[in-house]
Amino acid sequence: MFREILAIVSMQVAAIAFASIAGAVELSPKYLDGVWTLESKENCGLKEFEHITFRANGTMEGSRFGVVDSVGFWRQSGDLLRAHLVTSPAHFDENLKGFQGYFDYFPVNMMIFDLTPDSFEAVGTIGDQMQKVTLFRCQQ
Amino acid sequence: MKSATKFLFALAIVPLSLAGAASTSGTARAGSGGAFIGGMIAGHVVGGFVRRDRARTAAAVNQSYSQPTTVVVQEAAPAPSASKTVEQRLADLDDLAKKGIITKDEYAARRKAILDSI
């Protein structure tokens, strides 16, 4: 009797362990590789929403309205991602149009968590700016 | 990420978010749609302007306080009573009375004051 109970419990434990391993999504260059957009998967087709492209070779770019507005490099360490971007602030705010043609470097830190196969949460910081966002994978 | 780590991270986010709220709120939007990286960069640049403007204002205020002001120091008139003897002061008082510059009452009061100072 005891052996039967032990066998059933062991099977259940093994099943749970297998399910958690099978469902686990790990942050990696391979996982990030692709185009991501904000807030909803439906926004993949909307150019007014920023699209961020991570490439497995460590380069990345941001774009809106079909125009690339930031480019740079990214490196991942655990659940942290550090990006080094070059862009013109003129792309992002009407009040900053005076920066047209002027490009600067911006280091971006991101903490990434709650990964699913096609989405993840990120908290990003640039200087004293911090934003949380959910990114959704777009079909390539 | 573990729940405890998330909670601690959230605690850190609140004050930083409040600090950055002056320039951005949530996912920044320029027109319609949204921008994550763009929003932070815009907020960072605009926030930089605000910080520099505040610093300039503070510097201007400090400058106005520390600006050297022209102070005219008038040389104090020598106190005649300090350098003159009682006799000389009484003589001066008599002279003023004779010339009619001071009244009899003033003469009496000043004379009493000179004598009291002995």
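Residues numbered from 1 in each chain as written. Chains lettered and ligands numbered in written order. Predicted model: local features only at pLDDT ≥ 70, side-chain atom pairs only at ≥ 80, totals over all residues. Heavy atoms only, no water.

Chemist: Quick question: what am I supposed to make of the overall build of chain B here?
Modeler: Within chain B, the secondary structure is distributed over five helices and zero strands. Taken over 118 residues, chain B has a buried fraction of 20%. Accessible surface, chain B: about 8,600 Å² in total, of which carbon and sulfur atoms supply 60%. (Helix = DSSP H or I, 4+ residues; strand = E, 2+ residues; numbered from the N terminus. Buried < 20%, exposed > 50% of the residue type's maximum accessible area, 1.4 Å probe, protein only. Areas by Shrake-Rupley, 256 points an atom, 1.4 Å probe, with all protein chains shown as cover.)

Chemist: When you look at the overall build of chain A in this model, what are you seeing that I'm missing?
Modeler: A count of helices and strands for chain A gives two helices and eight strands. Listed by position from the N terminus, the elements making up chain A come as α-α-β-β-β-β-β-β-β-β. Across the 140 residues that make up chain A, the buried fraction comes to 41%. When contacts within chain A are restricted to residue pairs at least 6 apart in sequence, those whose partners lie at least 24 apart make up 32%. Of the accessible surface of chain A, which amounts to about 7,900 Å², a share of 61% is contributed by carbon and sulfur atoms. (Contact = heavy atoms within 4.5 Å.)

Chemist: Would you explain the confidence of the model for chain A in this entry?
Modeler: It should be kept in mind that the predicted coordinates are not to be read in detail where pLDDT is low. Taken as a whole, chain A shows an average pLDDT of 88; of its residues, 85% reach a score of 70 or greater. In the model of chain A, helix 1 (residues 2-23) of chain A stands out as the element of lowest mean pLDDT, 60, in contrast to strand 2 (residues 51-54) of chain A, which has the highest, 97. (pLDDT = per-residue confidence, 0-100.)

Chemist: Would you take a moment to explain the packing of aromatic side chains for this structure?
Modeler: Remark: the centre distance and the inter-plane angle together describe each pair of aromatic rings, the angle taken between the planes. Residues and elements named next belong to chain A. The tally for this structure, following the rule as stated, stands at five aromatic pairs over all chains. With centroids separated by 5.8 Å and ring planes inclined at 85 degrees, the aromatic side chains of Phe54 and Trp74 adopt a geometry described as edge-to-face. Of this pair, Phe54 sits in strand 2 while Trp74 sits in strand 4 (residues 67-77), placing them 20 residues apart in sequence. Exposure class is identical for Phe54 and Trp74. Each is buried. Both rings, one in Phe99 and one in Tyr102, keep their centres 5.5 Å apart while their planes meet at 45 degrees; by these two values the pair is tilted. Of the aromatic side chains, those joined through ring pairs into one cluster are Tyr31, Trp36 and Phe120. (Phe/Tyr/Trp six-rings, centres within 6.5 Å; stacked < 30°, edge-to-face > 60°.)

Chemist: Would you mind going over the state of the cysteines with me for this structure?
Modeler: In protein structure, a disulfide is the covalent linkage between the sulfur atoms of two cysteines. Residues and elements named next belong to chain A. This structure, assessed with the given rule, holds one disulfide over all chains. Cys44 shares a disulfide with Cys138; S-S distance 2.1 Å. On the sign convention where negative means left-handed, the S-S torsion of about -90 degrees between Cys44 and Cys138 marks this disulfide as left-handed. Highlighted residues: Cys44 in the loop between strand 1 (34-38) and strand 2 and Cys138 in strand 8 (residues 129-138), separated in sequence by 94 residues. On the basis of relative accessible area, Cys44 is assigned to the partly exposed category, the value being 22%. (Disulfide = S-S within 2.5 Å.)

Chemist: Teacher, can you tell me more about the pattern of salt bridges here?
Modeler: Opposite charge on two side chains lets them pair, provided their charged atoms get close. Residue and element names in this part refer to chain B. Taken as a whole and assessed by the stated rule, the structure comprises six salt bridges over all chains. The closest approach of N and O atoms between Asp92 and Lys84, which form a salt bridge, is 2.8 Å. Measuring nitrogen to oxygen at the nearest pair gives 3.0 Å for the salt bridge that ties Asp116 to Lys112. With a gap of four residues between them, Asp116 and Lys112 both fall in helix 5 (residues 104-116), about one helical turn apart. (Salt bridge = Lys/Arg side-chain N within 4 Å of Asp/Glu carboxyl O.)

Chemist: What's the story with the side chain of Ser63(A) in this structure? I'm lost.
Modeler: On the secondary structure map, Ser63(A) appears in strand 3 (residues 59-64). Non-local contacts of Ser63(A), meaning those with residues more than four positions away in its chain, are made with Phe49(A), Glu50(A), His51(A), Val68(A) and Asp69(A).

Chemist: Help me understand the environment of Ala122(A), please; the structure alone is not making it clear to me.
Modeler: Residue and element names in this part refer to chain A. Position of Ala122 among the secondary structure elements: in strand 7 (residues 119-126). Taking the C-alpha atoms as reference points, Ala122 and Met111, eleven residues apart in sequence, are found 5.5 Å from one another. Excluding residues that lie within four positions of it along the chain, Ala122 makes contacts with Met110, Met111, Ile112, Gln131, Lys132 and Val133.

Chemist: What exactly am I supposed to notice about the nonpolar core here?
Modeler: Nonpolar side chains in soluble globular proteins tend to be buried together. One finds Leu32(A), Phe54(A), Met60(A), Leu81(A), Met110(A), Phe120(A) and Phe36(B) to be the most contacted residues of the largest nonpolar core, which totals 32 residues. Looking at this core, the elements that each hand over two or more residues are helix 2 (29-32), strand 1, strand 2, strand 5 (80-87), strand 6 (104-116), strand 7 and strand 8 of chain A together with helix 2 (37-66) of chain B. In terms of residues, this core owes the most to one element, helix 2 of chain B, which gives five residues. Filtering out sequence-adjacent residues up to four positions away, Met60(A) remains in contact with Ile52(A), Thr53(A), Phe54(A), Arg55(A), Ser70(A), Val71(A), Gly72(A), Phe73(A), Trp74(A), Ala83(A), Leu85(A) and Ile37(B). (Core = buried A, V, L, I, M, F, W, Y, C linked by side-chain atoms within 4.5 Å.)

Chemist: I keep staring at the sheet that holds strand 8 of chain A and nothing clicks. Help me out?
Modeler: Backbone-to-backbone hydrogen bonds pair the strands of a sheet. The strands run either parallel or antiparallel. Residue and element names in this part refer to chain A. Strand order in the closed barrel formed by eight strands is 1-2-3-4-5-6-7-8, with antiparallel pairing between adjacent strands. Put simply, the sheet's adjacent strands are angled 30 degrees from each other on average, direction ignored. Sheet analysis places strand 6 next to strand 7, joined by six bridges and oriented antiparallel. Paired with Phe113 across the bridge in strand 7 is Glu121. (Pairing = 2+ DSSP bridges. Axes fitted to C-alpha atoms, helices over the stretch in contact; angles between N-to-C directions.)

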